[in-house]
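Survey of secondary and tertiary structure
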Amino acid sequence: MTRKVLVLGEVRDGSLRNVSFEAIAAAKTTAEGGEVVGVLIGNSVNALSGELIQFGADRVVTIEDEKLKQYTPDGYSQAIMAVIDAEKPEGLIFGHTALGKDLAPKIAAKLNSGLISDVTALEVAGGNLVFTRPIYSGKAFEKKIVTDGLIFATIRPNNISPLEKGESRTGEVSSLSVDIKDLRTIIKEVVRKASEGVDLSEAKVIVAGGRGVKSEEGFSPLQELAKVLNGAVGASRGACDADYCDYSLQIGQTGKVVTPDLYIACGISGAIQHLAGMSNSKVIVAINKDPEANIFKVADYGIVGDLFEVVPMLTEEFRKLLV
Ligand code: FAD
C-alpha cells in the first residue's frame, strides 16, 4: 500500500540537522512507493528546501512566520497541524531529538494517534512495515507494526542511513500560510551549555570521560583526541556529578542516548545506566586501568592502562594518519 508521508526537517543555526535526511530515508520506506513531503518551519527556511529534495523528498511545504523563529511546542504544533490538515498524510516521521521528543507526543495526542518512538530500524517484512525500537534501556529490542490508522514514528539519530544526495533531484516547493495564534510559550534566550563544535547526539565519533578523568583539566586530552577525530566529547554521570564537566555532556539512561560509529570510553567503569546510553555504538573502545571493569564486556577493543598515557598516544597516532 502506498502512502503519503510527511517528514519534519529540523533546522539548527540555519542548517538542516542530519537526522532530517535520515528521516527522509525512513519516510521513503514508510511510503512504500508513495510520496514523501518535507516540512520546514521557521522564519527563513525556504532556502533549505532544495537540500531536503536532494536527499529524497518529493516535494517540500514551508511555513514561515516570525513567531516560528524559535521552536516552541505551541507554535510548531499549530504549524504542523495546519500542514496535516492540508496534506492528509498517512505517515509522519520526526527525529527522536529534543525537539522531536517534545513535539511528537503532543501531535499524536492531538490526532488521537499512536506513536512509535525512538525507532532504530525499519523494514518491510512479510508484507508489513516493521519498526524496531529498544526497550529496557537498550537491553532488548521490540518490533512493532501498525495495523490501522496513521503511522507516526520518531527515529533515533545515526541509525538509519540517509539516501545518497542527488544534486540533480528536483521537486516542488510550496509555502503554506498559517495564522499562528498567540503563543503561550515565549523563548527569551537560548543558552548553550554544550561545548561548541560537533553535536553530541549526531556525532560519528565520541570520546567520553568518566570519574577516572579526575578533574575538569583531565578532560583536555580527551578534547584533543575528539578534535583530531572530528568528534564530540561526552561524559559519564560520575564525571558530571564530580563537577568535571557540564551535565549536557552526560550519556546514559538519564542523559543522552548516542549511537556513533566510534565510542571511546576513557576512565568509565561501565555501569548499566551508562551502557544504556551508548552500548549500541557501532565500535566501542574502552580505556581503563582496571582489567575487570564492566565496560570491557561491551567493548570491541579494550586497552588496560592509564588514560593519561594512552589518550595522548592515540591522539598522536591519529594526527599522523588524519591531519
Ligand atoms: P566510576 O564507576 O567511579 O568509574 C571510574 C573508572 O575509572 C573506574 O573503572 C576506574 O578503574 C577508572 N580509572 C580511574 N583512573 C583511571 C585512569 N587514570 N586511567 C584509566 N582508567 C581509570 N551514569 C551514567 O554514566 N549515565 C547515566 O545516565 C546514569 N543514570 C543513572 C540513573 C540512576 C537512576 C542511577 C541510580 C545511576 C545513574 N548513573 C548514570 C550512575 C551510574 O550508576 C554510575 O555511578 C556512573 O556511571 C559511574 O561513572 P564512572 O564510570 O565515571 O565512575
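Residues numbered from 1 in each chain as written. Predicted model: local features only at pLDDT ≥ 70, side-chain atom pairs only at ≥ 80, totals over all residues. Heavy atoms only, no water.

By the naming in an unreviewed UniProt entry, the protein goes by Electron transfer flavoprotein subunit alpha/FixB family protein and is assigned to Cytobacillus dafuensis. According to its UniProt record, the protein has this under Sequence similarities (unreviewed entry): "Belongs to the ETF alpha-subunit/FixB family." (UniProt positions renumbered as here; feature names shortened; annotations may be inferred.)

**Focus on the site of the ligand**
Taken together, 26 residues surround the ligand, and among them Arg211, Ser236, Thr254, Ser269 and Asn288 come closest. Contacts to the ligand include Lys214, whose side-chain N or O atom sits 2.9 Å from a nitrogen atom. Between Asn288 and the ligand, the recorded distance is 2.7 Å, taken from a side-chain N or O atom to an oxygen atom. Against a free-state accessible area of 980 Å², the protein chains account for coverage of 76% of the ligand. (Near = heavy atom within 4 Å. Polar contact = N/O pair within 3.5 Å; in protein donor to acceptor, adjacent residues only side chain to side chain. Areas by Shrake-Rupley, 256 points an atom, 1.4 Å probe, with all protein chains shown as cover.)

**Quick word on the packing of helix 3 (residues 73-87) against helix 4 (residues 98-111)**
Running from amino to carboxyl end, helix 3 crosses helix 4 at an angle of 50°, the nearest separation of the two axes being 10 Å. Comparing their axes, helix 4 and helix 3 come out oblique. Remark: the crossing between helix 3 and helix 4 carries right-handed chirality. Contact with helix 3, carried on its side by Pro73, Asp74, Tyr76, Ser77, Ile80, Met81 and Ile84, involves Leu99, Asp102, Leu103, Lys106, Ile107, Lys110 and Leu111 of helix 4 and no other residues of that element. Grouping the constituent residues of the contact of helix 3 with helix 4 by class yields 9 nonpolar, 1 polar and 4 charged. (Axes fitted to C-alpha atoms, helices over the stretch in contact; angles between N-to-C directions. Helix = DSSP H or I, 4+ residues; strand = E, 2+ residues; numbered from the N terminus. Parallel < 35°, antiparallel > 145°, perpendicular 65-115°, else oblique. Left-handed = near helix turned anticlockwise from the far one by under 90°. Contact = heavy atoms within 4.5 Å. Nonpolar A, V, L, I, M, F, W, Y, C, P; charged D, E, K, R; others polar.)

**Side note on the sheet that holds strand 15 (residues 262-266)**
What holds strands together in a sheet is hydrogen bonding between their backbones, with the strands either parallel or antiparallel. As summarised here, the arrangement of the 5 strands in space is 14-13-15-16-17, forming an open sheet in which the pairing is parallel. If you trace the sheet from one side to the other, it starts and ends with strand 14 (232-235) and strand 17 (301-304), each paired once. Along the sheet, successive strands turn relative to each other by an average axial angle of 20°, direction set aside. Here strand 15 pairs with strand 16 (residues 283-288) via 5 bridges, running parallel. For Tyr263, the partnering residue across the bridge sits in strand 16 and is Ile284. In the packing of helix 5 (residues 220-228) onto the sheet, contacts are made with strand 13 (205-209), strand 14 and strand 15, and the angle to strand 13 comes to roughly 175°. (Pairing = 2+ DSSP bridges.)

**So, a nonpolar patch on the surface**
A grouping of Leu321, Leu322 and Val323 is seen on the molecular surface, where their side chains present a nonpolar patch of about 370 Å² in accessible area. Relative to the helices and strands, Leu321 resides in helix 8 (residues 307-322). (Patch = residues over 30% accessible without salt bridge, like charges linked within 9 Å, V, L, I, M, F, W, Y side chains within 5 Å. Salt bridge = Lys/Arg side-chain N within 4 Å of Asp/Glu carboxyl O.)

**With respect to helix 8**
A rise of 1.5 Å per residue sets the reference length of helix 8, with its 16 residues, at 22 Å; its end C-alpha atoms lie 21 Å apart and thus fit the reference within 8%. Here helix 8 has its buried residues at Leu307, Val310, Val311 and Thr315. Angular distribution of buried residues about the axis of helix 8 spans 135°; they occupy a single face of the element. In helix 8, the exposed positions angled more than 90 degrees off the buried face are occupied by Glu309, Met313 and Lys320. Those residues of helix 8 that are buried are in contact with helix 5, strand 15, strand 16 and strand 17. Of the residues flanking the start of helix 8, the one acting as N-cap is Asp306, its side-chain oxygen 2.9 Å from the backbone nitrogen of Phe308. (Expected span 1.5 Å × (residues − 1). Buried < 20%, exposed > 50% of the residue type's maximum accessible area, 1.4 Å probe, protein only. Arc of directions from axis to C-beta.)

**Comments concerning the nonpolar core**
Counting residues in hydrophobic clusters, the biggest one holds 30 residues, and the most contacted among them are Ile24, Leu40, Leu52, Ile93, Phe131 and Ile155. The leading source of residues in this core is helix 1 (residues 18-31), at 8 residues. Leaving out residues up to four positions away in the same chain, Phe131 has contacts with Thr30, Ile116, Val119, Ala121, Leu122, Glu142, Lys143, Lys144, Ile151 and Ala153. By size, the runner-up hydrophobic cluster in this structure holds 25 residues, among which are Leu6, Ile41, Ile80 and Ile107. (Core = buried A, V, L, I, M, F, W, Y, C linked by side-chain atoms within 4.5 Å.)

**With respect to the sheet that holds strand 5 (residues 59-64)**
Overall, parallel pairing links the 7 strands, which are arranged 7-11-6-1-4-5-12 in an open sheet. Either end of the sheet is taken by a strand with one partner, and the two such strands are strand 7 (116-119) and strand 12 (172-175). Adjacent strand axes in the sheet meet at a mean angle of 25°, parallel and antiparallel pairs treated alike. Strand direction decides the pairing type here: strand 5 and strand 12, joined by 4 bridges, are parallel. Across the sheet, Val61 pairs through a bridge with Ser174, a residue of strand 12. Together, strand 1 (5-9), strand 6 (91-95) and strand 11 (151-155) form the strand contacts of helix 4, whose direction differs from that of strand 6 by roughly 155°.

**Concerning the pairing of strand 6**
In terms of residue burial, strand 6 counts as a mostly covered element, since 5 of its 5 residues are buried. The side-chain alternation of strand 6 yields two buried faces, one formed by Gly91, Ile93 and Gly95 and the other by Leu92 and Phe94. As defined by bridge partners, strand 1 adjoins strand 6 across 3 bridges and the pair is classed as parallel. Pairing of Leu6 across the sheet is with Leu92, part of strand 6. With 5 bridges connecting them, strand 6 and strand 11 associate as parallel partners. Pairing of Phe94 across the sheet is with Thr154, part of strand 11.

**A look at unusual backbone geometry**
We note that Tyr136 has phi near 50°; this positive angle belongs to a residue other than glycine. Here Tyr136 is to be found in the loop between strand 9 (128-135) and strand 10 (140-144). A residue is classified by how much of its surface remains accessible, and Tyr136, at 63% relative accessible area, is exposed. Not every positive phi belongs to a glycine, and Asn158 is a case in point at roughly 75°.

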